[in-house]
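Okay, here's what each chain looks like letter by letter:
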Amino acid sequence: KKVIIGIIVAIVVVALAGYFLLTSGNTTLVAEDLQVTAPGNYSASSDFSAAAGDVNVSFVPQKGTSNKEFVNKFFKAVMANGKDAGYENITNKSINGTEAYEFAAHPGNLKNVSTEREATAEGEAWTTYPPEFAAPFEGNVDHFRSVYYVKDDKVYVLTFTAGNASTNLYTPEIDGIINSIAPVQK
């Protein structure tokens, strides 16, 4: 009987150790030169996306016209007029030597946001950004939180989405992912 109890205890201990080992590892999302680290409860579906419960996260580099000047212009418009256009929690800060521009929104509440009018040789000019620029989501996204990182004139976007209206995207866990931005470890 003692041997059987010992074997059962050993199996339980090994099972618990395996569970804690699997759940304590981190998930790293890589976008070219930068990476973010999510806790082990996030399951990676690729190098640039993962999910935990109702929260989906993606981390991708921006190509084409998305450069530092373009993002600065967009965020200048969001900072000036974003609240009226449905943007929430708009911030700009530096994290680990990387410029971070952040906002959140409910895609259905977003409206066009425009830069301030500027005088040009031809008259006045401004740029208007449609909601699809900030929220290019397909499927069921109730709300989201995005961080545009700018490092060495390259732009990377970290986006958290939730389809459930009660899902909180302002948790210490999500803040930790945002603040984990770092150069890719080779």
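From a predicted model like this one, the values you see are computed outputs, not experimental measurements.

### Examining the environment of Val150
Line of reasoning, step 1. With respect to the helices, strands and loops of the structure, Val150 is situated in strand β12 (residues 143–151).
Line of reasoning, step 2. Note on Val150: relative accessible area 7%, which makes it buried.
Line of reasoning, step 3. Along the primary structure Val150 and Ala31 are separated by 119 residues, whereas in three dimensions their C-alpha atoms are 12 Å apart.
Line of reasoning, step 4. Each residue touching Val150, except ones within four places of it in the same chain, is listed here: Lys68, Val71, Thr98, Glu99, Tyr101 and Val155.

### Comments concerning the nonpolar core
Nonpolar side chains in soluble globular proteins generally cluster together in the buried interior.
Line of reasoning, step 1. If you look at the biggest cluster of nonpolar residues, it comprises 24 residues, and the most contacted ones within it are Val36, Tyr42, Phe59, Tyr149, Leu158, Phe160 and Ile178.
Line of reasoning, step 2. Secondary structure elements with two or more residues in this core: β1 (27–31), β2 (34–38), β4 (49–52), β5 (55–61), β12, β13 (154–162) and α4 (172–179).
Line of reasoning, step 3. With 4 residues, the top contributor of residues to this core is β13.
Line of reasoning, step 4. Val36 has contacts with Thr27, Thr28, Leu29, Phe59, Tyr149, Leu158, Ile177, Ser180 and Ile181, leaving out every residue within four places of it along the chain.
Line of reasoning, step 5. Core analysis: the second largest hydrophobic core is formed by 22 residues, Val78, Val113, Ala134 and Tyr148 among them.

### Concerning the pairing of β13
Line of reasoning, step 1. The buried count for β13 comes to 8 of 9 residues, which makes it a mostly enclosed element.
Line of reasoning, step 2. Both β5 and β13 contribute to a ladder of 7 bridges, which runs antiparallel. Residue pairing across strands places Val60 opposite Val157, the latter belonging to β13.
Line of reasoning, step 3. Relative to β13, β12 is paired through 9 bridges, and the arrangement is antiparallel. Within the sheet, the bridge partner assigned to Val150 lies in β13 and is Val155.

### Thoughts on the sheet that holds strand β7 (residues 98–105)
Line of reasoning, step 1. Strand order in the open sheet formed by 7 strands is β3-β4-β5-β13-β12-β7-β6, with antiparallel pairing between adjacent strands. One side of each edge strand has no neighbouring strand; the edge strands of this open sheet are β3 (43–46) and β6 (88–95). Taking each pair of neighbouring strands and ignoring which way they run, the sheet shows an average axis angle of 15°.
Line of reasoning, step 2. Helix α2 (residues 68–81) rests against β6, β7, β12 and β13 of the sheet, and its axis sits at about 45° to β7.
Line of reasoning, step 3. Sheet strands in contact with α4 are β5, β6, β7, β12 and β13, and its direction is about 20° off that of β12.

### A few points about α4
Line of reasoning, step 1. Among the residues of α4, those classed as buried are Ile174, Ile177 and Ile178. Along the axis of α4, the buried residues cluster in a sector spanning 100°; they form a single face.
Line of reasoning, step 2. Residues of α4 that are buried in the fold lie against β2, β5, β6, β7, β12 and β13.

### Some remarks on the sheet that holds strand β14 (residues 182–183)
Line of reasoning, step 1. In spatial order, the strands read β1-β2-β14; together these 3 strands make up an open sheet with antiparallel pairing. Strands at the two margins of the open sheet, each flanked by one partner only, are β1 and β14.
Line of reasoning, step 2. With 5 bridges joining them, β1 and β2 adopt antiparallel strand pairing. Its bridge partner being in β2, Thr27 is matched across the sheet by Ala38.

### As for unusual backbone geometry
Trans is the common state for peptide bonds, and a negative phi is the common state for residues other than glycine.
Line of reasoning, step 1. Located in the positive-phi region is Glu32, a residue other than glycine, with phi close to 55°.
Line of reasoning, step 2. Here Glu32 is to be found in the loop between β1 and β2.
Line of reasoning, step 3. The phi angle at Asp152 is positive, at roughly 55°, despite the residue not being glycine.
Line of reasoning, step 4. Looking at Asp152, the relative accessible area reads 69%, which means it is exposed.

### As for the confidence of the model for the protein chain
Line of reasoning, step 1. When pLDDT is averaged along the protein chain, the result is 86, and 91% of the positions lie at 70 or above.
Line of reasoning, step 2. When pLDDT is averaged over each helix and strand of the protein chain, the minimum, 64, is found for helix α1 (residues 2–24) and the maximum, 96, for α4.

Rules used in this analysis
Residues numbered from 1 in each chain as written. Predicted model: local features only at pLDDT ≥ 70, side-chain atom pairs only at ≥ 80, totals over all residues. Heavy atoms only, no water. Helix = DSSP H or I, 4+ residues; strand = E, 2+ residues; numbered from the N terminus. Buried < 20%, exposed > 50% of the residue type's maximum accessible area, 1.4 Å probe, protein only. Contact = heavy atoms within 4.5 Å. Core = buried A, V, L, I, M, F, W, Y, C linked by side-chain atoms within 4.5 Å. Pairing = 2+ DSSP bridges. Axes fitted to C-alpha atoms, helices over the stretch in contact; angles between N-to-C directions. Arc of directions from axis to C-beta. pLDDT = per-residue confidence, 0-100.

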